[in-house]
Structures are given as structure tokens and as C-alpha cells.
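# Results of the structural survey
Chain by chain, the residues run as shown.
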Amino acid sequence: MSDDLLSLVREDLRGFGGYSSARSHALDGEIWLNANESPWANPADPRSSCRRYPDPQPAALVQALARLYGCEASQVLVGRGSDEAIDLLVRALCVPQRDAVVATPPVFGMYAVSARLQNAPLREVPLVDGPDGFIVDLEAVAAAAEQGNAKLVFLCSPSNPTGGDVPLEGIAALAGRLAGRALVVVDEAYGEFSDQPSATTLMGGHRNIAVLRTLSKAHALAAARIGTLIADPSLIRVLRACQAPYPIPTPCAELAVAGLSPEALARTAERVAVVRSERTRLAAALASAPGVRRVYPSSGNYLLVRFDDAQAAFDGLLAAGVVVRDQRAAPQLGDALRITVGTPEQNQRVLAILAALEAAA
């Protein structure tokens, strides 16, 4: 690992080897008696696909993800959703009570949760609500990282729940300013729905940039829990040593590989195009709907919407069988709901329910 990246890892973990599991070494044999597994399959597992412990980083899945995200396999860490990667980064880089985490609320809550669990100070830089939507104050983020002894800066792009992209040139400038001081982690859980290229395109010039991706959203595999961290290979090795021995169950890995076949990817691309088109249609319809104060521009598969009476809108939708995300407890969002873009029929139902609520008011 280069010295600037090594300096970001906790001192006590820089030479840490982690747990050496029965699948940690490349061994070959006919009869496997090294992991205390059952010699018989479970009656519910006729293919005997789950009798043995899985590969800690399934090779076929790692290769498929590297192709999908345009990176090298050595840059890929697969985990249980992006949540595990966030937790691993905080645990591996932040000394409790010393090294801080920077986040930009209102934003995905796991950055703050992981910081709390590690007892790492949390430095929050609120998003700025302007005429073009919520934006990240990158100058304030840099200052907070420098003055607050931060090791990690989390940028969500597109940001959840507000929907805005963080400009690539801003990410690059921030990484350059924080080189040797902090890792800039760009969470692209909704990247497939955005026009902006991935921040992986910046990693060649900025080794302190890491990118989070997931198969939970556009690829419709939320229950499989397949998250990917893309980072410098030397950082990936450190995090692998900190990861649980068998993070990816075999059925999940097999499903994910099948879900990344050319045929599946073509169908996914078609569905992403529908979501993007529906996002535009739904945003326009909501913006002119009575009772709606503001619809924020979004690069994700959701819309953040302010209502005159968010409680009535939430309750009315729920009573009609439509569940949306109540954002009113989040900072700056006391009148807002987040609505996922569904199928055209589902979106039309949302509009019809809201119209009926206003007519009955």
C-alpha cells in the first residue's frame, strides 16, 4: 500500500492478517475433511449446494462485478450490501474517539450509525437547499474533514433521499485536497439511474477515492445482499482481513452471477430506462398537483416531495395500500415524503390517490 493510504488505516491493523478460514487457501482434493462440515447434504438441499462453506470472495461473482463496474478484480470487495462495506471502512480506518467521519445530512443513515458503533466522532455538513435542489457544500466538507480530524468522508451520489449528484470535478478536487488525510467514499447505490459517470473514473488519479455500488436497486436483488466496494487493491486487502470469514452465501452468489448475465443486464437496462422516463413524468405531474409544495430534481429512482400536509398525504396513500417513505424526522425535511418510482401503473395510482385526497379535503 502506498504510504498515503497506509497512513489512513488504524495503526494496529496495518499488519493484521485476519482470520484464516478453511477456504482461505487454494487447496484441491477429492475428500474434504478440513472444515468440520457435514459429509451429507441437508434434506432440503438436494443439489448439495450449501453443505460446504462458500468462497469468501466468489471468483465468478468478483469477475462479473469487475466487468459491470469497469474495474479490476483486485479493486473489488464483495460484502453483505453496501452496509457491510461502510462498517468495514469505519472500523478499519477510525480509532474510536479520535478519527472522525464526515457525512452530509439529510442522507443515508448508515454512515452515522457505523460511526456511532465505532465511537468515531461524526462531523455533519448539512446539504444546502437551493433553487437547483439540495447540493453538497464541498468547501465546508473539506474544512470539516481538515479541522475535525476525519479519516472518512462519505458522499452519496445520487444522494438519498434528496436525489442530487455530487459533481465529479468537485469530488476530484476534494480528494486532492484530502490526500494523505482522508478517504473520500462515493456511495453510488443509485448510479445506474444517473447521467453522471461513475467516480471510479477518478480513481486513477486519486487513490484516496473509493466507490460503493449495490445490486439492490437497479438490479432488483435487494434480498441477496450483494454490495461492492471498489478501491485501491492494497486497501481492499486490509478490509478483507477485517471482514467476516464467509460473507456471501453460495445461493446469493449464484443468483447474482445469473443476474449479471448479458440477457439479464439487457432486461435491467430496459427497466432502468422505464424508471428514468417515469421519473420525469411523475415529477411533472406531482409538481402541478394541489397540495404539493415542491418536487426536487432527482438522479435516483425516487422523488423527494414537500407537501402542504405531509401527514395527510402519507396516511392517505397508506390507507389506499401505497407505502412511501416518511422523511419528516430528517433534518430540513419536516414536510417531505420520498416516493420510489414504480411501474407506470403504480405511479398512476399514486397520482390518483393524491388527487382524490385533495378533492375530498
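Residues numbered from 1 in each chain as written. Predicted model: local features only at pLDDT ≥ 70, side-chain atom pairs only at ≥ 80, totals over all residues. Heavy atoms only, no water.

### Some thoughts on the pairing of strand S13 (residues 336-340)
- Within S13, four of the five residues are buried, leaving the element largely enclosed by the surrounding structure.
- Relative to S13, strand S11 (residues 302-307) is paired through five bridges, and the arrangement is antiparallel. Residue pairing in the sheet places Val305 in a bridge with Leu337 of S13.
- Bridge count between strand S12 (residues 325-326) and S13: two bridges; the pairing is antiparallel. (Buried < 20%, exposed > 50% of the residue type's maximum accessible area, 1.4 Å probe, protein only. Helix = DSSP H or I, 4+ residues; strand = E, 2+ residues; numbered from the N terminus. Pairing = 2+ DSSP bridges.)

### What about the UniProt feature "domain: Aminotransferase class I/classII large" (unreviewed entry) in the chain?
- UniProt annotation of "domain: Aminotransferase class I/classII large" (unreviewed entry) refers to residues 44-352 when read in the numbering used here.
- Across residues 44-352, the secondary structure splits into 38% helix and 19% strand, with the terminal C-alpha atoms separated by 45 Å. (UniProt positions renumbered as here; feature names shortened; annotations may be inferred.)

### Structural notes on the packing of helix H10 (residues 310-319) against helix H11 (residues 344-360)
- In the contact formed by H10 and H11, the axes pass within 10 Å of each other and the chain directions differ by 120°. The angle between H10 and H11 places the two elements in the oblique class. Handedness of the H10/H11 crossing: right-handed. Together, Ala312, Ala313, Gly316 and Leu317 of H10 and Val350, Ile353, Leu354 and Leu357 of H11 make up the contact between the two elements. (Axes fitted to C-alpha atoms, helices over the stretch in contact; angles between N-to-C directions. Parallel < 35°, antiparallel > 145°, perpendicular 65-115°, else oblique. Left-handed = near helix turned anticlockwise from the far one by under 90°. Contact = heavy atoms within 4.5 Å.)

### Structural notes on the UniProt feature "modified residue: N6-(pyridoxal phosphate)lysine" (unreviewed entry) in the chain
- Cross-referencing UniProt, the feature "modified residue: N6-(pyridoxal phosphate)lysine" (unreviewed entry) maps to Lys217 in the present numbering.
- Checked against the element boundaries, Lys217 lands in the loop between strand S8 (209-214) and strand S9 (226-230).

### Some points on the environment of Glu254
- In this fold, Glu254 is placed in helix H8 (residues 250-259).
- The class of Glu254 is partly exposed, set by a relative accessible area of 37%.
- Remark: the alpha-carbon pair of Glu254 and Leu152, spanning 102 residues in sequence, is separated by 33 Å.

### Thoughts on the sheet that holds strand S3 (residues 122-124)
- Reading across the sheet, the seven strands line up as S1-S9-S8-S7-S6-S2-S3 and stay open at both edges, with mixed pairing between neighbours. Pairing within the sheet leaves two strands with one partner each, and these edge strands are strand S1 (76-80) and S3. Going from strand to strand, the sheet's axes swing by 25° on average, the running direction of each strand aside.
- In terms of strand pairing, S1 meets S9 through five bridges, oriented antiparallel. Looking at S9, one finds that Leu77 is bridged to Leu229.
- Sitting on the sheet, helix H5 (residues 138-147) is in contact with strand S2 (100-103), S3 and strand S6 (150-156), with an inclination near 160° to S6.
- Here helix H6 (residues 168-177) sits on the sheet and contacts S6, strand S7 (183-187) and S8; the angle it forms with S7, its principal contact strand, is near 155°.

### Concerning empty space enclosed by the protein
- In this structure the tally under the stated criterion is one cavity of 30 Å³ or more.
- Looking at the largest cavity, its volume works out to about 40 Å³.
- Taken together, Leu127, Phe134, Ile135, Val136, Ser159, Thr162, Gly164, Asp165 and Val166 make up the lining of the largest cavity.
- Of the residues assigned to the lining of the largest cavity, the class counts are five nonpolar, three polar and one charged. (1 Å grid on protein atoms, 1.4 Å probe; cavity = no way out; pocket = protein on both sides within 12 Å on 5 of 7 lines; lining within 4 Å. Points joined across faces, edges and corners; volume = space filled by probe spheres on them. Nonpolar A, V, L, I, M, F, W, Y, C, P; charged D, E, K, R; others polar.)

### Some words on the domain arrangement of the chain
- When its domains are assigned, the chain resolves into domain 1 (5-260) and domain 2 (264-360).
- Each of domain 1 and domain 2 was reduced to a C-alpha centroid, and the two centroids are 29 Å apart.
- Across the interface of domain 1 and domain 2, roughly 1,900 Å² is buried in total on both sides, 55% from carbon and sulfur atoms.
- Three residues stand out in domain 1 for area buried against domain 2, namely Phe134, Pro161 and Phe193, and they jointly supply 31% of the buried area on that side. (Domains from an automatic or database assignment. Buried area = accessible area lost by both parts, 1.4 Å probe.)

### Side note on the environment of Ala336
- Relative to the helices and strands, Ala336 is located in strand S13.
- Residue Ala336 is classed as buried on the basis of its relative accessible area, which comes to 0%.
- In the structure, Ala336 is positioned 325 residues away from Glu11 in sequence and 43 Å away in space, judged by C-alpha atoms.
- Sequence-distant contacts of Ala336, that is, excluding residues within four places in its chain, are made with Leu304, Val305, Arg306, Ala310, Asp326, Gln327 and Arg328.

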